[in-house]
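# Tertiary structure, described
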Amino acid sequence: MSLLWVDKYRPKDLSTLDYHTQQAQELKNLVEHGDFPHLLVYGPSGAGKKTRIMCILKELFGTGVERLKSENITVTTPSNKKVEIMTINSNYHIEINPSDAGIYDRVVVMDLIKKIAQSQQIAITNNQREFKVVVLTEVDNLTKDAQHALRRTMEKYSRNCRLILCATSLSPIIPAIQSRCLPIRVPAPTIEEISTIISKICKKEDTAIPATLIEKISKSVNGNLRRAILICEACKVENNLQPNRELPEPDWKVFIKQTATIITHRQSIENIMVVREHLYELLASGIPPEIIFKELITALVLKCDKQIIPQVLQEASTYEYRMWQGNKHIVHMEAFVVKFMCLYQRHLKDLLKDF
Amino acid sequence: MQAFLKMGKLGEPSASPSTSGAPKKKTKNLPWVEKYRPKTVEDVVEQREAVSVLQQCILGADLPNLLFYGPPGTGKTSTILAAARQLFGDLYKERILELNASDERGIQVIREKIKTFSQLTANSSRADGKLCPALKIVILDEADAMTHAAQAALRRTMEKETKTTRFCLLCNYVSRIIEPLTSRCTKFRFKPLNQSFVLERLQEICQVEDVLINDDILNVLVKESGGDMRRAITALQSCANLKGKGSHITLENVYEVLTVVPSKWVNSFWDLCKKPSDIKEIIQFIDDLEQQAYPIQKVYEHLNDFLMDSENIDDRLKSEIGEKLAESSFRSSCGRGDFTNLLDFAVHTQEILTEPLERRRMQALENAKFTTILGLS
Amino acid sequence: MSDFPDPDEEFELMYGDELELLREQDQNDDEVISPAPKARRSLNFGTPTTIQLDNSIAENLPNSLDSSLISQSQEIQSTLDRLPSKKRTIDDLFGDINDITQEEYNIDEILQPKKAKRDNKHQQDLDLIDLIIQKRQEYKINNNITATVSISHSNNLLNHERDKHNLSYSLPKYPFIKIKCFDGEFVYVRCHSEQFEKEETKRILHENTFKGILGGSFRKIWNEAQDLLVKEFIKVDQSSEELNIISSNNQEKQLWVDLYKPRKYLELLSDESTNRVMLRWMKLWDKVVFNRNPKIKITPAGQDDKYKFVRFNELNTTLDKDGRPAHKVVLLCGPPGLGKTTLAHMVARHAGYNVVEINASDDRSTEAFRTSLENATQMRSVIDQQKRPNCIVFDEIDGAPKTSIEFLVKFISGNVVVKAKKGTKPQTILKRPIICICNDAYGPALRPLRQIAFVINFPQTSSSRLAERLMEIARRQQIKTDTSTMMLLSEKSNNDIRSCLSVLHFFKAQNKPIGLIDIYKTNVGQKDMQKGLFSVWNEIFQLQRTKKPQGGTQAATMKDRMQNILNTMSSFGDHEKVAQGVYENFGQPDSKIKQDLVGTCCALDWFCFNDLVQKQIYTVQNYSLTGYLNFAFAIWHFAFAQPQKVQLKYPSASYEFRTKQTHQKGIVAEVLRGMPPYIRCYNAALPLVLDVLPLVLRIISPALRPVNLHLYTQEERANLLEAASIMADYNLNYIQERRTDGVYEFNLGKRVF
């Protein structure tokens, strides 16, 4: 079957992983040792967390974990509301994203894990483990409530249930959970590592791709291997493998850059309204606010004078902090934009005065 | 999921590690934290106050309501469990109701579960004829995660059932327990453990478990775990597991397991802040740092250490940087603005260190003026 | 002999007057258009003999002549004298009225001969209103003085000697008209010949000039009396003592609100044009209810009214095929205490209906609603001997449950199949007018009703009119006060007559004169006024001007403005809605709201603040913080307010945003759901949106030649196949869609950014 390159050339075993091989070896040791702790796998997007988790599972249970099924399960909240959650499971593990349930994530975490943990495999042959694995993704999106609930559940059912938590950042995870798991850091691959992987894939695909282009791609993706491979494939499909070609960029990134241009171009109320439209559009498409903020700040800071950068950043961090404290993200973003406009305009006026 | 579940169901959920009938084989797989939990109150390291009170109780004194608070891994749960085991012996299971954050602990539970439990009468002798207090103990672990309403519901129950029931509240932050509850309990603060005690304990474990580790690396481990015994033991076990039998634990292993940020990153970040570097450079560096996925809070902690240790910075400037650091650190911990906050910190530190003080004062004044204009319009 | 005109009749008078104007405009109706040839008859004997002979169904009582020659009233014995079996038709009522109104019209023309011919309807309306107001004043003068000086005689010119000659309780010898008095006795009034009348009129006029009570005209005396009252209200003058007609024990039992409820059309205090629109709408029902043609010019159904410019509050006079007006229901809305209910009742009674009122005190579940609706529209009251048709008044409809209102709407549009015992009964249509009354027309429950109803916005009563009325009541109650005090009271209470009366009642109990100071001291009208959303927004965006004590206006001080906004907000309550409205309105280019970057920056800071506080309130349930929300509104007011009128929109952007967001989320979830598990386990929503989908869309669109499939090269085939399988993996598919211009195009089923 033909797939996206990302999926086609995904390593399936710990031993075939392309980078962090030392870590892979250690994980192998861990699995062999028999006493398998809870894991907390963290690292930036596109660094290969999921790939590693699947490899670990395969190492634990053998090829059986590759017989995957999708299933929707419903959980009933105390207020009798039914929440449907998508799961992927094999005979040995189940994968859930509890933050799908929104504010009911606590119920999902408690009920589901209890249910799974209380069911035990009957026949434990030598090859099999006496526990099952629950993979929880996007743990950093869990509410504090759910994390607290998770904390004890982990201990209580540790005999026949192991958790593998997957997160992009450790900061939102409460220390109690961090201390109960073995943290596995998955840093993004370096530029060289990405280049090697891409050229390896290209060789397998019989695609001649110039080394300069590979390097260009590797540098542009900020360590996101998934994006790198996708870009590479897109280039190939477009039949344009010139080293100096423009790399395809996700639309939302382009859109944020446009927004930044609008902001610096002219500071007026009409422009605020245009920016508001843009922000609404971005948020509605599901781009997380922190990413919008980050991209916007990067674009703006590069455009403005060194003199006002400290103040701009001071305001940015204030508004972003407030955004997380508040409810309506759009208001805080817009407030920052307008504040920036004010600062920028004042600075321009000061400059003009000097002449 | 159904297929996943139908592998078979056992009514019996996981048993407590102390269950007498637990097969020997299982103990091998017990986490070391459980395995080396103190069995008696006397085994508890440090925490002299609480230990002495509990020893008195075991010898027959009246047991007060207890409130243990302190940082994690200082032996709060261990202490009360050990005491209970000593007090009740085999009756241990039926005399204790342990509730923690994972259980439903709303008002409803307080009203029903705890009430019914506390209303049961307890016999004053054990099955084997030994005397034991006619008491039951309700252990509320992680009590600071209880809602205020639930805590309020508890206070009357606590008073009414003093004859038969004692409460033991365990928490990290005593300030999150409402005043009426704290006043009804005898409070014990559990201090972070002294590093020498932890080291001693770890060395014991290393010997028993055949772990190969150099003393200086073990020292690092103890230091980085910051007086949290559980953390230290877990880290040791994890390292041992990662390495497998027969190979030495490396410093990197310890760092990984304890999520320590290598000083090389913090060093270069600090260097970047010190000299007037280009904004692009800083952004690139922060991007790289984020890709390493180090916990940002740890970075801030390290930066703080760096700040304190650097001798060539004027104290006044240090305080300014420190203030900014505190702000950024706090904001990072509250949201997801790691990038912005780090960038903000970097740029500001750079400004503080490179720009003359007078000029910054002037600018601050001007900015303040601008802000007031905003406010007045 | 009666001096009080019957309300019904009085209305007909006014109404007919208007009809005349309309008719005159109507060129086809030459019968009415030429009033000139008719001999001008003296007004005090308005009824021609022909009508009298004509079975004398309705008779006009010559009212006493006022010096201004305006006939006040006429009495129609509308019910008792009529044959009971006969259906009440409008012709016999109007036949005579028309004459009179016509005459009045003539008089009007005579009085104002220079008045230009009215060529447009609007002008006519205004004139008519002027006329009515003028008459109302005269009526009032008359009513106040004449009605009170003597009960039986409305005019002092009517002396006893004349009475002896012209009136009799027994059957007289001279030609007469039979009149029924209030007390049920019959009075026989002599009919004189025209010749006699002329002489008599002359004589009376002659007398009038020389012989008033105090030797002056009534108007003059009245003015003097008024002056006296105003200047020295401490001294009770003689006339006001006489004014106390209503016995005191009667007063004790009744609330003043009921006691002084307007009983006649002319006593209505509400805005004249509103009253008239209401009346005209009511009259439109005549065709279907009374089976007579309304006297209003009817726009024939089916006439192309595309070009008709419909003004606000203007009645659409089209009738539908059943002869019903275009709007089956009127929605009267306005703040409390302006007299909406009174108007509805008055108008309905005038138009000859029996009022069935359903208000908040009644059960308003859908079932109860249905019963009362059906009862009222399909049956007729047995008890009511007059056999008047019903008119339903739904008071306080904004409080009714939504389902009930939906039912009402269905009922009005005729979509309700009445549960009939024999299943073949045809669908019933609504044949009775319905009046709905509410305070806030923009309540969400009223939305369906608002669309089909003829919405009449009830304007504020003018303070001066209210004050006049209050003066009159004060006089009757022997409260000593003056006009300026009453002016203040009415202004202070926001022209809420109910609260004014309560205050008066309160002062009456203290039994001392009321001065300006007393009013200042009382805290009337400081009640929590629930304003509409738009008025709150307006208050924020528009500078209010306050009245200077010396008269004229000035810009409000900062302190007052802030206080005003704070008050408004704390009584309004729904901070989030208002804040959202401010947020979405302030920068709109066509809103004419003040635009200023620095101010906007500051204002947005306060939006952030509000957001934080609100989140705190909702998560911790700490409602004590609510008070701090109000300050933001004051800041926004300072930042955005300006004197011009602003155009506001209802905030919808945030709602649209949320819908869009949910939609987008749904799409991503759908994509995920459709993926085969071996792909899905490596994918999550976020990376999918950020990285995978934008790039996959490029990957699955390989450059293919637009030729037939079998002409593809091997390589192209492979590419196509690959793209298809990737799409299958990621659960994407193209959907053929037809554009509006008829061209088919393929769209990717899921629009992902």
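- In the annotation of an unreviewed UniProt entry, the entry for chain C reads AAA+ ATPase domain-containing protein, and the organism field reads Ceutorhynchus assimilis.
- A UniProt comment under Sequence similarities (unreviewed entry) is attached to chain C, and it reads "Belongs to the activator 1 small subunits family. CTF18 subfamily."
- Chain C has a UniProt comment under Subcellular location (unreviewed entry) that states "Nucleus".

- Per an unreviewed UniProt entry, chain A is named AAA+ ATPase domain-containing protein, and its organism is Ceutorhynchus assimilis.

### Let's talk about the overall build of chain C
- Looking only at helices and strands, chain C has 30 helices and twelve strands in total.
- In chain C, which comprises 753 residues, the share counted as buried stands at 49%.
- Sequence-distant contacts, at least 24 apart, represent 72% of the contacts inside chain C between residues at least 6 apart.
- A total of about 38500 Å² of accessible surface is found on chain C, and carbon and sulfur atoms cover 54% of it.

### Looking at the nonpolar core
- Counting residues in each nonpolar core, the largest one holds 149 residues, and the members touching the most others are C:Val578 and C:Trp636.
- Of the residues forming this core, the biggest block, twelve residues, is contributed by helix H14 (residues 329-354) of chain A.
- Leaving out residues up to four positions away in the same chain, C:Val578 has contacts with C:Leu533, C:Val536, C:Trp537, C:Ile540, C:Met569, C:Phe572 and C:Phe633.
- Formed by 61 residues, the second largest nonpolar core is a distinct cluster that contains A:Leu39, A:Ile56, B:Leu193 and B:Ile249.

### Thoughts on the pattern of salt bridges
- By the definition in use, this model includes 32 salt bridges over all chains.
- A:Arg276 serves as the salt-bridge partner of A:Glu334, at 2.7 Å between the closest nitrogen and oxygen. Within this pair, whereas A:Glu334 is found in helix H14, its partner A:Arg276 is found in helix H11 (residues 269-284), the two being separated by 58 residues in sequence. Each member of the pair A:Glu334 and A:Arg276 is classed as buried.
- Salt bridges sharing partners connect three or more residues here, namely B:Lys324, B:Glu327, B:Arg331 and B:Asp344.

### Examining a negative patch on the surface
All names here are of chain B.
- Negative charge collects at one region of the surface, where Glu301, Asp305, Asp309 and Glu311 lie side by side.
- If you trace the backbone, glutamate 311 turns up in the loop between helix H16 (296-309) and helix H17 (315-334).
- Classification of glutamate 311 as exposed rests on a relative accessible area of 75%.

### A word on the packing of aromatic side chains
- What the rule picks out here adds up to 26 aromatic pairs over all chains.
- Site record: aromatic cluster; members linked through ring pairs are C:Phe541, C:Tyr583, C:Phe586, C:Phe607, C:Phe633, C:Trp636 and C:Phe640.
- Directly above the aromatic system of A:Phe131 lies the positively charged group of A:Arg162, at a separation of 4.7 Å from the ring centroid.

### Re the interface of chain B and chain A
- Tallying the contact residues gives 74 residues for chain B and 80 residues for chain A.
- Between the two partners, chain B and chain A, sit five salt bridges.
- Taking the shortest distance from any N to any O, the salt bridge between B:Arg336 and A:Glu290 comes out at 3.6 Å.
- For the interface between chain B and chain A, the tally reads 21 residue pairs in polar contact (both at pLDDT 80 or more).
- Sorting the residues of the side of chain B that touches chain A by element identifies helix H1 (2-5), helix H2 (24-29), helix H12 (229-243), helix H13 (251-257), helix H15 (279-291), H17, helix H18 (338-354) and helix H19 (357-376) of chain B as the ones contributing at least two each.
- The biggest single contributor to the side of chain B that touches chain A is H18(B), with ten residues.

### Things to note about the pairing of strand E7 (residues 434-438) of chain C
All names here are of chain C.
- By the criterion of burial, E7 is predominantly enclosed, with five of the five residues buried.
- The alternating pattern of E7 places Ile434, Cys436 and Cys438 and Ile435 and Ile437 on opposite faces, both of which are buried.
- As judged from the five bridges shared by strand E4 (residues 329-333) and E7, these two strands associate in the parallel manner. Each residue of the ladder has a partner; that of cysteine 333, found in E7, is cysteine 438.
- Of the pairings in the sheet, the one linking strand E6 (residues 390-394) to E7 comprises three bridges and is parallel in character.

### Quick look at the confidence of the model for chain C
Residue and element names in this part refer to chain C.
- Looking at chain C, pLDDT values average 66 and 55% of them are 70 or higher.
- Between the elements of chain C, mean pLDDT differs from a low of 40, seen in helix H3 (residues 49-53), to a high of 87, seen in helix H25 (residues 597-620).
- Counting contacts from residues 300-313, a segment whose pLDDT is below 50, to residues more than four positions away or on other chains yields 13 contacts.
- Taken together, the stretch residues 525-529 has pLDDT below 50 and engages in eight contacts with residues farther than four places along the chain or on a different chain.
- In the predicted assembly, ipTM is 0.87 and pTM is 0.63.

### Considerations on the sheet that holds strand E2 (residues 69-76) of chain A
Residue and element names in this part refer to chain A.
- The strand order E2-E3-E4-E5-E6-E1-E7 describes an open sheet built from seven strands, whose pairing is mixed. Every other strand in the sheet has two partners, leaving E2 and strand E7 (182-185) as the edge strands with one partner each. Sheet twist, expressed as the mean angle between neighbouring strand axes with direction ignored, is 25°.
- Pairing analysis gives four bridges linking strand E1 (residues 39-42) to strand E6 (residues 161-167), with the strands arranged parallel. Looking across to E6, one finds that tyrosine 42 is bridged to alanine 167.

### Regarding the environment of A:Val274
Residue and element names in this part refer to chain A.
- By secondary structure assignment, the location of valine 274 is in helix H11.
- Note on valine 274: relative accessible area 32%, which makes it partly exposed.
- As a C-alpha pair, valine 274 and threonine 259 span 15 residues in sequence and 8.5 Å in three-dimensional space.

### A look at the packing of helix H9 (residues 225-237) of chain A against helix H29 (residues 685-699) of chain C
- At their nearest, the axes of H9(A) and H29(C) sit 8 Å apart, and the two run at 15° to each other. Between H9(A) and H29(C), the angle falls in the class roughly parallel. The crossing of H9(A) and H29(C) is left-handed. Contact with H9(A), carried on its side by A:Arg226, A:Arg227, A:Leu230, A:Ile231, A:Glu233, A:Ala234 and A:Val237, involves C:Pro687, C:Asp691, C:Val692, C:Leu695, C:Val696, C:Arg698 and C:Ile699 of H29(C) and no other residues of that element.
- Along the lines of polarity and charge, the residues of the contact of H9(A) with H29(C) split into nine nonpolar, no polar and five charged.

### Points about unusual backbone geometry
- Even without being glycine, A:Asn222 reaches a positive phi, approximately 55°.
- Within the chain, B:Ala293 stands out as a residue other than glycine whose phi angle is a positive 60°.
- By secondary structure assignment, the location of B:Ala293 is in the loop between H15 and H16.
- For B:Ala293, a relative accessible area of 7% gives the class buried.

### Quick notes on the interface of chain C and chain A
- Contacts between chain C and chain A engage 59 residues on the former and 71 residues on the latter.
- Of the roughly 5900 Å² buried between chain C and chain A on both sides combined, carbon and sulfur atoms contribute 62%.
- Of the charged contacts in the structure, one is a salt bridge between C:Lys660 and A:Glu281, with a shortest N-O distance of 2.6 Å.
- Taken together, the links from chain C to chain A amount to twelve residue pairs in polar contact (both at pLDDT 80 or more).
- If you list the elements that add at least two residues to the side of chain C that touches chain A, you get helix H24 (575-585), H25, helix H27 (653-674), helix H28 (677-680), H29 and helix H30 (714-729) of chain C.
- Considering every element that reaches the side of chain C that touches chain A, the biggest residue donor is H29(C), with twelve residues.
- Of the residues contributing to the side of chain C that touches chain A, the split by class is 34 nonpolar, eleven polar and 14 charged.

What counts, and where the lines are drawn
- Residues numbered from 1 in each chain as written.
- Chains lettered and ligands numbered in written order.
- Predicted model: local features only at pLDDT ≥ 70, side-chain atom pairs only at ≥ 80, totals over all residues.
- Heavy atoms only, no water.
- UniProt positions renumbered as here; feature names shortened; annotations may be inferred.
- Helix = DSSP H or I, 4+ residues; strand = E, 2+ residues; numbered from the N terminus.
- Buried < 20%, exposed > 50% of the residue type's maximum accessible area, 1.4 Å probe, protein only.
- Contact = heavy atoms within 4.5 Å.
- Areas by Shrake-Rupley, 256 points an atom, 1.4 Å probe, with all protein chains shown as cover.
- Core = buried A, V, L, I, M, F, W, Y, C linked by side-chain atoms within 4.5 Å.
- Salt bridge = Lys/Arg side-chain N within 4 Å of Asp/Glu carboxyl O.
- Patch = residues over 30% accessible without salt bridge, like charges linked within 9 Å, V, L, I, M, F, W, Y side chains within 5 Å.
- Lys, Arg positive; Asp, Glu negative; His and termini not counted.
- Charge placed at Lys NZ, Arg CZ, Asp CG, Glu CD.
- Phe/Tyr/Trp six-rings, centres within 6.5 Å; stacked < 30°, edge-to-face > 60°.
- Lys NZ or Arg CZ within 6 Å of the ring centre and 35° of its normal.
- Polar contact = N/O pair within 3.5 Å; in protein donor to acceptor, adjacent residues only side chain to side chain.
- Pairing = 2+ DSSP bridges.
- pLDDT = per-residue confidence, 0-100.
- Axes fitted to C-alpha atoms, helices over the stretch in contact; angles between N-to-C directions.
- Parallel < 35°, antiparallel > 145°, perpendicular 65-115°, else oblique.
- Left-handed = near helix turned anticlockwise from the far one by under 90°.
- Nonpolar A, V, L, I, M, F, W, Y, C, P; charged D, E, K, R; others polar.
- Buried area = accessible area lost by both parts, 1.4 Å probe.

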